[in-house]
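# Report on the structure
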Amino acid sequence: MKSVTRFLIITFLAVTTIGLQLSYASDGGGEITYKSTVFSHDSHVDGMGLDCDSCHDGIFEMEAGAMAANPAFSMEAIYQGEFCGACHDGDTAFASDEDCTTCHVKDGGDMLYTEPVKSVIFSHEIHADGFGCESCHTGLFKMEALAAQKNENFVMEALYQGEYCGACHDGDTAFASNTRCATCHIGVKGYNRLTGGGKAANGSH
Ligand code: HEC
Ligand code: HEC
Ligand code: HEC
Ligand code: HEC
Ligand code: HEC
Ligand code: HEC
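Residues numbered from 1 in each chain as written. Chains lettered and ligands numbered in written order. Predicted model: local features only at pLDDT ≥ 70, side-chain atom pairs only at ≥ 80, totals over all residues. Heavy atoms only, no water.

### Thoughts on the overall build of the protein chain
When you go through the protein chain residue by residue, the secondary structure sums to 8 helices and 4 strands. Mapped in sequence order, the helices and strands of the protein chain form the string α-β-β-α-α-α-β-β-α-α-α-α. In the protein chain, which comprises 205 residues, the proportion classed as buried is 20%. Of the accessible surface of the protein chain, which amounts to about 14500 Å², a share of 58% is contributed by carbon and sulfur atoms. (Helix = DSSP H or I, 4+ residues; strand = E, 2+ residues; numbered from the N terminus. Buried < 20%, exposed > 50% of the residue type's maximum accessible area, 1.4 Å probe, protein only. Areas by Shrake-Rupley, 256 points an atom, 1.4 Å probe, with all protein chains shown as cover.)

### A few points about the site of ligand 2
Taken together, 16 residues surround ligand 2, and among them Ser 43, His 44, Cys 84, Cys 87 and His 88 come closest. His 88 places a polar side-chain atom, nitrogen or oxygen, 2.8 Å from a nitrogen atom of ligand 2. Looking at the shell around ligand 2, the elements that each hand over two or more residues are α2 (41–47) and α4 (100–103). For the shell around ligand 2, the per-class residue count stands at 10 nonpolar, 6 polar and no charged. (Near = heavy atom within 4 Å. Polar contact = N/O pair within 3.5 Å; in protein donor to acceptor, adjacent residues only side chain to side chain. Nonpolar A, V, L, I, M, F, W, Y, C, P; charged D, E, K, R; others polar.)

### Considering the coordination of the iron atom of ligand 2
Looking at the iron atom of ligand 2, one finds its protein donor set to be His 44 (NE2) and His 88 (NE2), positioned 2.0 Å from the metal centre. Given 6 donor atoms and angles of 86 to 180 degrees at the metal, the environment of the iron atom of ligand 2 is assigned as octahedral. One end of the pair, His 44, is in helix α2; the other, His 88, is in the loop between α3 (75–79) and α4, and 44 residues separate them in sequence. For His 88, a relative accessible area of 15% puts it in the buried group. (Donors = N, O, S within 2.8 Å, 3.2 Å for Na, K, Ca; no water. Tetrahedral: all angles 85-135°; square planar, octahedral: opposite > 155°, others 65-115°.)

### Considerations on the coordination of the iron atom of ligand 1
In the first shell of the iron atom of ligand 1, the protein supplies His 41 (NE2) and His 56 (NE2), at 2.0 Å from the metal. Note that the iron atom of ligand 1 binds 6 donor atoms; their angles at the metal cover 88 to 180 degrees, and the shape is octahedral. With a gap of 15 residues between them, His 41 in helix α2 and His 56 in the loop between α2 and α3 connect regions that are remote in the sequence. Looking at His 41, the relative accessible area reads 14%, which means it is buried.

### Quick word on the nonpolar core
Membership of the largest hydrophobic core is limited to 9 residues, which are Met 111, Tyr 113, Val 120, Phe 141, Ala 148, Phe 154, Ala 158, Leu 159 and Tyr 164. Breaking this core down by element, the ones donating at least two residues are β3 (110–113) and α6 (156–160). Setting aside residues no more than four positions away along its own chain, Phe 141 makes contact with Tyr 113, Cys 136, Ala 148, Phe 154, Tyr 164 and Cys 165. Judged by nonpolar contacts, the second largest core, of 8 residues, contains Ile 32, Tyr 34, Cys 55 and Met 67. (Core = buried A, V, L, I, M, F, W, Y, C linked by side-chain atoms within 4.5 Å. Contact = heavy atoms within 4.5 Å.)

Structure representation (structure tokens):
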């Protein structure tokens, strides 16, 4: 008899757990990944106790990826109180113009520019010291890999005029753009070392 009771209890527990998992899975959209941000249903629904209709359909469609393809989904719109900014306004939830990295989980990594000349290196890790994301995004750079090199004026002259890297590499905030050429220009050898076989980009420099 005892073992039958135990069997029933175990079966009951198993069925309940599966039931919970099913209702849990059907309950929200899980984790939504955008270019450099992640939105978590778990933390907003379970964590903060928000109802579905606090976002659906007034702010977001119940559809994965719809926003990712929408060019209006920009930081500027969020600052203006749209989308995530409807709550992330410093009132209902932390403001969008601070704590960038709470939402922006991708830090950008290393850039290796190859146009117009091979090869110039930029490292987020080295620049993280003392600079928030807002020091460079979006005033100086888009949050998009190598976007700057699509611009024709991404040349030394622009840097000397204080644009792009030259906003800091002016001999004041950081070493000047007309000095230490090889610190930024790692050349073809450096390019091969970082991109070619053998030792990968995370090696020491
Ligand atoms: C704080 C805002 C917010 C709340 C609250 C919220 N969602 Fe979402 N939901 C989103 C966002 C953002 C997306 C993605 C929309 C997009 O990218 O276009 C989304 C997408 C979805 C999707 C589509 C995901 C997929 O994988 O197809 C479903 C389903 C969904 N939500 C269900 C729910 C349900 C059910 C609830 C309540 C339990 C809920 N959501 C609560 C913001 C929210
Ligand atoms: C309906 C209101 C609402 C909307 C819309 C909303 N959030 Fe939130 N979010 C909150 C609240 C409330 C908190 C917790 C309060 C706080 O930490 O200030 C929070 C916390 C967070 C956190 C920290 C917790 C975690 O998940 O790590 C992140 C990141 C976040 N939100 C990202 C987003 C993004 C990205 C969007 C848009 C896609 C968004 N939120 C839209 C209300 C909202
Ligand atoms: C509440 C969450 C949240 C916070 C906080 C936040 N962002 Fe964003 N940001 C987003 C979302 C969502 C997008 C659009 C999806 C994507 O590109 O991943 C975005 C896109 C961007 C983009 C690319 C698109 C564009 O408009 O150019 C930049 C640049 C950006 N954010 C900069 C910042 C900076 C700088 C900060 C801090 C001052 C910041 N963000 C804080 C959610 C946030
Ligand atoms: C010193 C300047 C600087 C700072 C500070 C900075 N970035 Fe960037 N970021 C760049 C440059 C340069 C690029 C390349 C864009 C270009 O070429 O136009 C970039 C690109 C990116 C990309 C796109 C990478 C890809 O692979 O698509 C992301 C994501 C990003 N940054 C996130 C961040 C975040 C998050 C922070 C803050 C923690 C931050 N950045 C701080 C300069 C900076
Ligand atoms: C927001 C200011 C800022 C911007 C914009 C900026 N830098 Fe820097 N960078 C610094 C500072 C500060 C240092 C370290 C101080 C110094 O060495 O003078 C530095 C150091 C470096 C270094 C030396 C790294 C090492 O190994 O020691 C390189 C290379 C570099 N930057 C390249 C770039 C390139 C390329 C760009 C543009 C794509 C750029 N930086 C944009 C502020 C900036
Ligand atoms: C702070 C970083 C930095 C320093 C220092 C730097 N450059 Fe550049 N340089 C760049 C960037 C960024 C580009 C554009 C991207 C590319 O061509 O890969 C560039 C492009 C160039 C180009 C091709 C475009 C043009 O302007 O004709 C030449 C040539 C060049 N640099 C020469 C030099 C010389 C010579 C020095 C030293 C006197 C120097 N650079 C120092 C970052 C730097």
